[in-house]
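Spelled out from the first residue to the last, the chains are:
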Amino acid sequence: MSEQIVIGRLDEDVILPCSFESGPDVVVHWKNQDNYVYSYYKNSDQLKKQDPRYVNRTSLFLDEIHNGNASLSFKRLKLQDEGTYICYVGTSLGKIINKVVLKVGAFVTPVMKYEKNTTNSFLICNVLSVYPYPIITWEVDNTPISENNKEEIGSLGPFYINSRVNITGSNSSYQCAIENTLLKQTWTGRWTMKDGLRKNERENVSLSCKPENSFFLPNEDFRVTWSRVDSGNSLVLAHFLNSSQETIINEPLLSRNKILINLHDFSLTLKDLRLSDSGEYLCNISSSKYTLLTIQTLYVAYRLFVEASQGTVVGIISTLVAVMVAILLTLAVKSRRCMSSDTEERPSTDQRPRHDGNEEENVALSEYSFSKGSEDRN
């Protein structure tokens, strides 16, 4: 008895292989435990004992049986189809038994969402259907972190999972990875925030969104979506499909430069800005393997306010200059006055000292002067 492992995907088709040495009087039985999956003998299908779970979902390649091919075609796989299947083939020449282990996996392409409320911003990695249970990892600037919250639905599978982290550093890069080990498939989502832009009313602005070469291949199919993020909701502005090269604009004030799109630069232009255009703008580039979110904040200033502010600044500067000139002139005048006052009050060297004593002192001074004069004459 030979054994093979076959991995199929949920809701898709798969083939369970079984080959034998061709011979006459072929008898084929496919069984899962004691349940008949499919039977063939007397050169025709024999389905009276077929388990109801496999009706209209299994078949043989009738044109290939005489060539030694007894493989089973399995359609629209279910998780319940997992198990061990036995292929028995007998002919007039002998018999063989093959054992096939069927495993079923599911992995609907995950999505990364950016949401905010009045106080916090957070990221969500969401996968609608995955089986078996995946490995989910988060990183901030290439450093592993733990998720803040996880929501799960489906105890037996497939699983619906929401994994969320709070954004604590706007200058950091956040990355989420979801891995399905059975299907050997990994999806990665990354979030980054660019520096804010400040523009005046009635101006134009270009918001850039260029995918990283490490994430997307030139011929890879992807979708670009621009949206505006407000608390509790998100408004889609425009999106571009790489497969059809089709651009759909949902807002008349937006335009796309198709030449830049061909160069993988999905910049978005907002024309004739208004105050209401202030806010956060999100670019989402997604493929089957990656999602790249880029957020950019736009600040639009009222033109008259800007002009008034500029005029106010000029006025303040002029006023300060005038005040400084006045102060300097005042100081210069006071300095001149002080110098003039000192010159008038300073006594000459040939003048006698002035005395402001009482009458007796004046009389004594007169007598002294008279006596001094007499002595000089003698």
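Residues numbered from 1 in each chain as written. Predicted model: local features only at pLDDT ≥ 70, side-chain atom pairs only at ≥ 80, totals over all residues. Heavy atoms only, no water.

Participant: What am I meant to see in the overall build of the protein chain here?
Facilitator: Regarding its fold elements, the protein chain presents 3 helices and 26 strands. Per-residue burial for the protein chain yields a buried fraction of 35% across its 378 residues. Long-range pairs, those at least 24 residues apart, make up 59% of the contacts in the protein chain between residues at least 6 apart in sequence. Entry remark: accessible area of the protein chain is about 23400 Å², with carbon and sulfur atoms responsible for 51%. (Helix = DSSP H or I, 4+ residues; strand = E, 2+ residues; numbered from the N terminus. Buried < 20%, exposed > 50% of the residue type's maximum accessible area, 1.4 Å probe, protein only. Contact = heavy atoms within 4.5 Å. Areas by Shrake-Rupley, 256 points an atom, 1.4 Å probe, with all protein chains shown as cover.)

Participant: Is there a simple way to explain the sheet that holds strand 7 (residues 72-74) in this structure?
Facilitator: Sheet strands line up and pair through hydrogen bonds in the backbone, either parallel or antiparallel. If you trace the 3 strands from one edge of the open sheet to the other, you get 2-7-6, paired in antiparallel fashion. Sheet topology places strand 2 (14-16) and strand 6 (58-60) at the edges, where each strand pairs with a single neighbour. In this sheet, adjacent strand axes meet at a mean angle of 30° when their direction is disregarded. In this structure, strand 6 lies alongside strand 7, joined through 3 bridges in antiparallel fashion. Of the residues in strand 7, the one forming a bridge with Ser-59 is Ser-73. (Pairing = 2+ DSSP bridges. Axes fitted to C-alpha atoms, helices over the stretch in contact; angles between N-to-C directions.)

Participant: I would appreciate a short explanation of the pairing of strand 14 (residues 149-153) in the present structure.
Facilitator: Both faces of the sheet carry side chains from a regular strand, because those side chains alternate between them. The pairing of strand 14 with strand 15 (residues 159-166) spans 5 bridges and is classified as antiparallel. Bridge pairing in strand 15 places Asn-149 opposite Arg-164. Counting the residues that bridge the hairpin from strand 14 to strand 15 gives 5 residues, and of these Gly-154 lies at a positive phi of roughly 105°.

Participant: What is the right way to read unusual backbone geometry from this model?
Facilitator: Trans peptide bonds make up the majority, and among non-glycine residues the majority have a negative phi. For the bond from Tyr-131 to Pro-132, the omega torsion is -5°, close enough to zero to count as cis. Following the sequence through the fold, Pro-132 ends up in the loop between strand 11 (121-131) and strand 12 (135-140). Put simply, Gly-157 and Pro-158 share a cis peptide bond, and its omega is -5°. Take Pro-158: it is sitting in the loop between strand 14 and strand 15. Even without a glycine there, the phi angle at Asn-43 is positive, about 60°.

Participant: Mind showing me how you'd approach the environment of Lys-31 here?
Facilitator: On the secondary structure map, Lys-31 appears in strand 3 (residues 27-32). Considering only alpha carbons, one finds Lys-31 and Gln-50, 19 residues apart in sequence, at a separation of 9.3 Å. Once residues lying within four places of it in the same chain are set aside, the contact partners of Lys-31 are Tyr-36, Val-37, Thr-84, Tyr-85 and Ile-86.

Participant: Sorry if this is basic, but what is going on with the nonpolar core here?
Facilitator: Proteins that are soluble and globular tend to have nonpolar side chains buried together. Counting residues in hydrophobic clusters, the biggest one holds 52 residues, and the most contacted among them are Leu-16 and Trp-30. Ranked by size, the runner-up nonpolar core spans 18 residues in total, among them Phe-266, Ile-285, Leu-292 and Val-300. (Core = buried A, V, L, I, M, F, W, Y, C linked by side-chain atoms within 4.5 Å.)

Participant: Got a minute to help me understand the pattern of salt bridges in this structure?
Facilitator: Any two side chains of opposite charge can pair, on the condition that their charged atoms come close. Applying the stated criterion across every chain, the model contains 7 salt bridges. Across the pair Arg-53 and Asp-51 runs a salt bridge whose closest N-O atoms are separated by 3.2 Å. For Arg-57, the salt bridge goes to Asp-81, with nearest N and O atoms at 2.3 Å. Taken as a pair, Arg-57 in the loop between strand 5 (44-45) and strand 6 and Asp-81 in the loop between strand 7 and strand 8 (83-91) lie far apart in primary sequence, 24 residues in all. Given the relative accessible area of 5%, Arg-57 is considered buried. (Salt bridge = Lys/Arg side-chain N within 4 Å of Asp/Glu carboxyl O.)

Participant: Before we go on, may I ask you to explain the pairing of strand 8 in this structure?
Facilitator: Bridge analysis of strand 3 against strand 8 gives 6 bridges, and the strand direction is antiparallel. The residue of strand 8 that forms the bridge with Val-28 is Val-89. Bridging between strand 8 and strand 9 (residues 94-107) involves 9 bridges; their strand directions are antiparallel. Each residue of the ladder has a partner; that of Tyr-85, found in strand 9, is Val-100.

Participant: What is the right way to read the state of the cysteines from this model?
Facilitator: Formally, a disulfide is one covalent bond, and it connects the sulfur atom of one cysteine to the sulfur atom of another. In total, this model carries 3 disulfides according to the counting rule given. Disulfide partner of Cys-125: Cys-176, at an S-S distance of 2.3 Å. With Cys-125 in strand 11 and Cys-176 in strand 16 (residues 174-180), this residue pair connects regions lying 51 residues apart in the sequence. Judged by relative accessible area, Cys-125 falls into the buried class, the value being 1%. (Disulfide = S-S within 2.5 Å.)

Participant: Looking at this structure, I do not really get the side chain of Thr-297. What am I missing?
Facilitator: Secondary-structure assignment places Thr-297 in strand 26 (residues 290-301). Once you skip the residues sitting within four places of it in the chain, Thr-297 turns out to touch Gly-196, Leu-197, Gly-279 and Glu-280.

Participant: Just to check I follow, could you spell out the environment of Ile-7 for this structure?
Facilitator: Position of Ile-7 relative to the elements: it lies in strand 1 (residues 2-9). Accessibility expressed as a relative area gives 42% for Ile-7, which makes it partly exposed.

Participant: How should the packing of aromatic side chains be read in this particular structure?
Facilitator: For any pair of aromatic rings, the description consists of the separation of the ring centres together with the inter-plane angle of the planes. With the rule as written, the count across this model stands at 9 aromatic pairs. Between Tyr-131 and Phe-159, the ring centres sit 6.1 Å apart and the planes meet at 15°, which makes this aromatic pair stacked. One end of the pair, Tyr-131, is in strand 11; the other, Phe-159, is in strand 15, and 28 residues separate them in sequence. Each residue in the set Tyr-54, Phe-74 and Tyr-85 is aromatic and connected to the rest through ring pairs, giving one cluster. A cation over a ring is seen here: Lys-31 above Tyr-36, with NZ or CZ 4.8 Å from the ring centre. Here the basic side chain of Arg-198 rests over the ring of Tyr-299, its NZ or CZ set 4.5 Å away from the ring centre. (Phe/Tyr/Trp six-rings, centres within 6.5 Å; stacked < 30°, edge-to-face > 60°. Lys NZ or Arg CZ within 6 Å of the ring centre and 35° of its normal.)

Participant: Even after reading the chapter, I still don't get the environment of Gln-245, so can you show me in this structure?
Facilitator: Among the structural elements, Gln-245 can be located in the loop between strand 21 (233-241) and strand 22 (246-249). Distance in space between the C-alpha atoms of Gln-245 and Arg-223 is 9.8 Å, their sequence separation being 22 residues.

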